[in-house]
Amino acid sequence: MSDPSTATSPDVLRAHAEQQYAAELAALDVADDRPRPPSWRLSPWAVSLYVLGGQLPDGTAIEPKYIGSRRLVEIAIATLATDRALLLLGVPGTAKTWLGEHLAAAISGSSTLVVQGTAGTAEEALRYGWNYARLLADGPSRAAMVPSPVMRAMETGALVRVEELTRIPADVQDALISILSEKSLSVPELDEQVQAKPGFNVIATANNRDKGVNELSSALRRRVNTVVLPLPDTLEEEVEIVRGRVSAIGASLSLPPDLESLSEVQRVVQVFRELRSGVTTDRRTTVKSPTATLSTAEAISVLTNGVALAAHFGDGTVRAADVAAGLLGAVVKDPVQDRIVWQEYLETVVRDRREWNDLYRACRELG
Ligand SMILES: Nc1ncnc2c1ncn2[C@@H]1O[C@H](COP(=O)(O)OP(=O)(O)OP(=O)(O)O)[C@@H](O)[C@H]1O
Ligand SMILES: [Mg+2]
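Scoring rules and cut-offs
Residues numbered from 1 in each chain as written. Chains lettered and ligands numbered in written order. Predicted model: local features only at pLDDT ≥ 70, side-chain atom pairs only at ≥ 80, totals over all residues. Near = placed C-beta within 6 Å. Helix = DSSP H or I, 4+ residues; strand = E, 2+ residues; numbered from the N terminus. Nonpolar A, V, L, I, M, F, W, Y, C, P; charged D, E, K, R; others polar. Core = buried A, V, L, I, M, F, W, Y, C linked by C-beta atoms within 7 Å. Buried ≥ 20, exposed ≤ 12 C-beta atoms within 10 Å, placed from the backbone. Contact = placed C-beta atoms within 7 Å. Expected span 1.5 Å × (residues − 1). Axes fitted to C-alpha atoms, helices over the stretch in contact; angles between N-to-C directions. Parallel < 35°, antiparallel > 145°, perpendicular 65-115°, else oblique. Left-handed = near helix turned anticlockwise from the far one by under 90°.

- In the annotation of an unreviewed UniProt entry, the entry for the protein chain reads AAA family ATPase, and the organism field reads Nocardioides agariphilus.

In C-alpha cells form, the structure reads like this:
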C-alpha cells in the first residue's frame, strides 16, 4: 500500500479525497480510454478501479479505498450515471460516508459539495438562502442569493452529497423530490428556474440503526436506488480494512506504526466480531451482545488510540495494555448492562485463550 501521507498537504489535518489521491486520479485520467458520461471526469470503469484498487497498464498502483463487494460498487456507480439518485444505507461505520466521498472525488473531481443532515437542517440548505444585507439593500437578485451545495451541483453538473438524509425532517427532505424528478429548482423570488446540467446527481447516506431518525419519505424512496453496505464478511477482510486505515491515520498523525506491531489488530477485530455476532469464532460458545454497534470504524479508533499510547508512552509496539482501555470504552456504552456482557465475555472467552493471557490481565487491571 502506498504511503498516503506523502500526497497529503502538510498544513491540513485531513486532505479531501481528491487532494490526497490527486496522483492516482491523474494517472487514471490518462489511462482511461472508455466513454465518460457527460461531465464525468472518468469512465465508470475507471471510477470502479479507483474505488476498488488495482493496477493501470503503465504499472501505476491504485490503492483500494473500499474493501468489499465489487458488484455493490458497480451498482452504485451505474446508478449515478442514470437519472436516479443513490442512497447508501447501512449500520454505522460501514463506510457510507467514505465511499460517497471517494465516488464524488472520482466522478466530479470534488467531494466538497456536501449537506450535513441534522434535525435542524432547513430547506435553505437544500435549496438556497439569502444574504440579507444585500437582499434588503438591493432587493432579490442572483447576487443576493446564497446557493446551497445542491444548487451549485445542479449548475455545474456535479455530484452533491447529502449526509445522514434521514436525520433531516421529512418535510425538508421533500425539497429534494422536485429536484430529483424535474432536475430543476424554482426560484419564485426571481421568477427563474435553475436547471441541472448533465452530470448532476445526489449521493445520500443514511444509517439504519440510530434511534431518533426520521423515515425516508416514500416519495423520495421511489426516486433513489438504495445500496446497502454490509459489515465486512470475514475476519480477514475486516482486519485488512482496519490495518490499512490505522497505518494511514498513524502516518498522517506522524505516528507511523510499524506494521509488525499491528498484530493487535487481529485480536481487536475478533473481539468485535464475536461480541457483534453473539458467538465465538470457533462457534463453540455463545456470548451476549452489547448495546453498542461495535463498528469497523470503532475498531479503527481503538487501534489508533493504541498506536498513540504506544508511540508516546511505550516503545512504539502496540500491546494488549494499549488497546484494553479502548476496547472497554467501545464495548461498555451502557454502564450496567454492557458491563455485565463484557465481564462475561472476559471470564468465559478471553480467560480461556492461553495466548490471550496478556489481554485478559490488561483488561482485569482496568477493573
Ligand atoms: N468496507 C470498508 N472498506 C474500507 N474502509 C472501510 C470499510 N468499512 C469501514 N471502513 C472504514 O471505516 C471508517 C468509517 O467509515 P464511515 O465514516 O464512512 O462510516 P459511515 O457508514 O458513514 O458511518 P456513520 O453511519 O456512523 O456515519 C472509514 O475510515 C473507512 O475507511
Ligand atoms: Mg457517515
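This is not the end of the story, as more comes after the structure.
1. What about the site of ligand 1?
So, point 1. Within the structure, ligand 1 sits among 19 residues, and Pro92, Lys96, Thr97, Trp98 and Ala297 are positioned closest to it.
So, point 2. Those elements giving two or more residues to the shell around ligand 1 turn out to be α5 (96-108), β10 (201-207), α12 (235-252) and α14 (296-313).
So, point 3. Here the shell around ligand 1 is composed, by residue class, of nine nonpolar, eight polar and two charged.

2. Remarks on the nonpolar core
Generally speaking, soluble globular proteins have nonpolar side chains that are buried together.
So, point 1. Ranked by internal contacts, the top residues of the largest apolar core, which has 58 residues, are Val47, Tyr50, Leu86, Leu103, Ala106, Ile107 and Ala204.
So, point 2. Element by element, the count of residues in this core is highest for α5, at six residues.
So, point 3. Excluding residues within four positions of it along the chain, Ile107 makes contact with Trp40, Arg41, Leu42, Val47, Leu80 and Leu159.
So, point 4. Residues Val242, Val271, Leu303 and Val307 belong to the second largest nonpolar core, which totals 34 residues.

3. Observations concerning α5
So, point 1. With 13 residues, α5 should cover 18 Å at 1.5 Å per step; its first-to-last C-alpha distance of 18 Å lies within 8% of that length.
So, point 2. For α5, a buried count of eleven out of 13 residues is recorded, marking the element as mostly surrounded by other parts of the structure.
So, point 3. Residues of α5 that are buried include every one of Lys96, Leu99, Gly100, Glu101, His102, Leu103, Ala104, Ala105, Ala106, Ile107 and Ser108, and no others.
So, point 4. The positive-phi residue at the C-terminal boundary of α5 is Gly109, with phi of around 80°.

4. Examining the packing of helix α3 (residues 44-52) against α5
The angle between the axes and the distance between the axes are what describe a pair of packed helices.
So, point 1. Relative orientation of the contacting elements α3 and α5 amounts to 140°, with a least axis distance of 10 Å. Relative to α5, the element α3 is oriented oblique. Judged by the sense of rotation from one axis to the other, the crossing of α3 with α5 is right-handed. Only His102, Leu103, Ala106 and Ile107 of α5 make contact with α3, whose side of the interface consists of Val47, Tyr50 and Val51.

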